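# Descriptive analysis of the structure
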Amino acid sequence: RETFIRLVFHGDKERYETFRRAIAEVVPPGTRAIVRGSAVTGVRWKDQAAFDADGPGTSDVDLTLVGADVLGAFTLTGQFVPGVHTRPMGENDPDIAPALADLREHLTRLAGRPVNVQASRDWVIALRGELIGQPYLTLFESAGTE
């Protein structure tokens with residue numbers, strides 16, 4: 001958590017909390033939010049370059065919304081496996097989750113860098129995190145319960 005706040009929000013915990021609340025206010029109840037990638041680990045997985053190695057604001061934030069209901073926000077063409085795991089909505093695919101477009105834009109402004117948004121089922125996250133070893137940070141466990 002501290003690494004994410006330091007790297008993405010320059011240590012500003014208030015901006016981090018605003019980021020978390022913005023997500024929780026928009027996603028369906030029961031949705032969990034996590035972040036993965038270099039914003040959590042401090043290095044890119046493919047080449048081990050440091051976060052923002054290409055200059056300030058160049059590394060993105062990979063946000064994954066976890067839950068069955070949020071998968072419906074993505075178009076069929078925006079899903080790797082329909083009803084299970086989506087492609088990331090970002091600069092390359094901004095139209096694959098129209099209901100989340102305003103949220104993504106807001107989060108990008110809050111973070112001062114691109115935010116990619118995708119959705120998955122719980123078991124996909126468990127597979128990636130626990131079996132494959134991809135670390136992630138949970139922003140909140142269940143929208144609508146905080």
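Structure report, in brief. Small disclaimer: the values here were computed from a predicted structure and weren't measured.

What counts, and at which threshold
- Residues numbered from 1 in each chain as written.
- Predicted model: local features only at pLDDT ≥ 70, side-chain atom pairs only at ≥ 80, totals over all residues.
- Heavy atoms only, no water.
- Helix = DSSP H or I, 4+ residues; strand = E, 2+ residues; numbered from the N terminus.
- Rg over C-alpha atoms; globule rule 2.2 N^0.38 Å.
- Contact = heavy atoms within 4.5 Å.
- Lys, Arg positive; Asp, Glu negative; His and termini not counted.
- Charge placed at Lys NZ, Arg CZ, Asp CG, Glu CD.
- Axes fitted to C-alpha atoms, helices over the stretch in contact; angles between N-to-C directions.
- Parallel < 35°, antiparallel > 145°, perpendicular 65-115°, else oblique.
- Nonpolar A, V, L, I, M, F, W, Y, C, P; charged D, E, K, R; others polar.
- Salt bridge = Lys/Arg side-chain N within 4 Å of Asp/Glu carboxyl O.
- Buried < 20%, exposed > 50% of the residue type's maximum accessible area, 1.4 Å probe, protein only.
- Pairing = 2+ DSSP bridges.
- Phe/Tyr/Trp six-rings, centres within 6.5 Å; stacked < 30°, edge-to-face > 60°.

## Some words on the overall build of the chain
Across its full length, the chain holds five helices and six strands. Put simply, the chain runs from its N terminus to its C terminus through helices and strands in the order α-α-β-α-β-β-β-α-β-α-β. Over its C-alpha trace the chain gives a radius of gyration of 14 Å, about what one expects of a compact globule, namely 15 Å for 146 residues. Dimensions of the chain along its principal axes, counting C-alpha atoms only, are 35 × 30 × 30 Å. Of all intrachain contacts in the chain linking residues separated by at least 6 positions in sequence, the fraction that spans at least 24 positions is 70%. Side chains of the chain carry 16 positive and 20 negative charges; the gap between the two charge centres is 3 Å.

## Some details on the packing of helix H1 (residues 2-9) against helix H2 (residues 13-26)
At a closest axis distance of 9 Å, the pairing of H1 and H2 adopts a crossing angle of 100°. Between H1 and H2, the angle is such that the two are roughly perpendicular. Contacts between H1 and H2 involve Glu 2, Phe 4, Ile 5, Val 8 and Phe 9 on the former and, on the latter, Lys 13, Arg 15, Tyr 16 and Phe 19. Each residue belonging to the contact of H1 with H2 can be placed in one class, and the counts come to six nonpolar, no polar and three charged.

## Observations regarding the pattern of salt bridges
Using the criterion set out here, one finds nine salt bridges in the structure. Of the charged contacts in the structure, one is a salt bridge between Arg 20 and Glu 17, with a shortest N-O distance of 2.6 Å. With a gap of three residues between them, Arg 20 and Glu 17 both fall in helix H2, about one helical turn apart. Relative accessible area serves as the criterion here: at 13%, Arg 20 is assigned to the buried category. Of the charged contacts, one joins Arg 44 and Asp 47 as a salt bridge, the two residues approaching to 2.9 Å between their closest N and O atoms. One network of salt bridges, with partners in common, ties together Arg 1, Glu 2, Glu 17 and Arg 20.

## Some thoughts on the pairing of strand S2 (residues 61-66)
For S2, the buried fraction is high: five of the six residues fall into the buried class. In this sheet, S2 lies alongside strand S1 (residues 32-36) in antiparallel orientation, the contact comprising five bridges. Counted as the bridge partner of Ile 34 is Thr 64 from S2. In the sheet, S2 pairs with strand S5 (residues 115-120) via six bridges, with the strands oriented parallel. When the sheet's bridge partners are listed, Val 61 is paired in S5 with Val 115.

## Topic: the packing of aromatic side chains
The geometry of an aromatic ring pair is captured by two quantities: the separation of the ring centres and the angle between the planes. Under the counting rule described, the total for this entry stands at five aromatic pairs. Aromatic side chains Phe 4 and Phe 9 sit 5.7 Å apart centroid to centroid with 85° between the ring planes, which places their arrangement in the edge-to-face category. Overall, Phe 9 belongs to the buried group, its relative accessible area being 0%. With centroids separated by 6.1 Å and ring planes inclined at 75°, the aromatic side chains of Phe 4 and Tyr 16 adopt a geometry described as edge-to-face.

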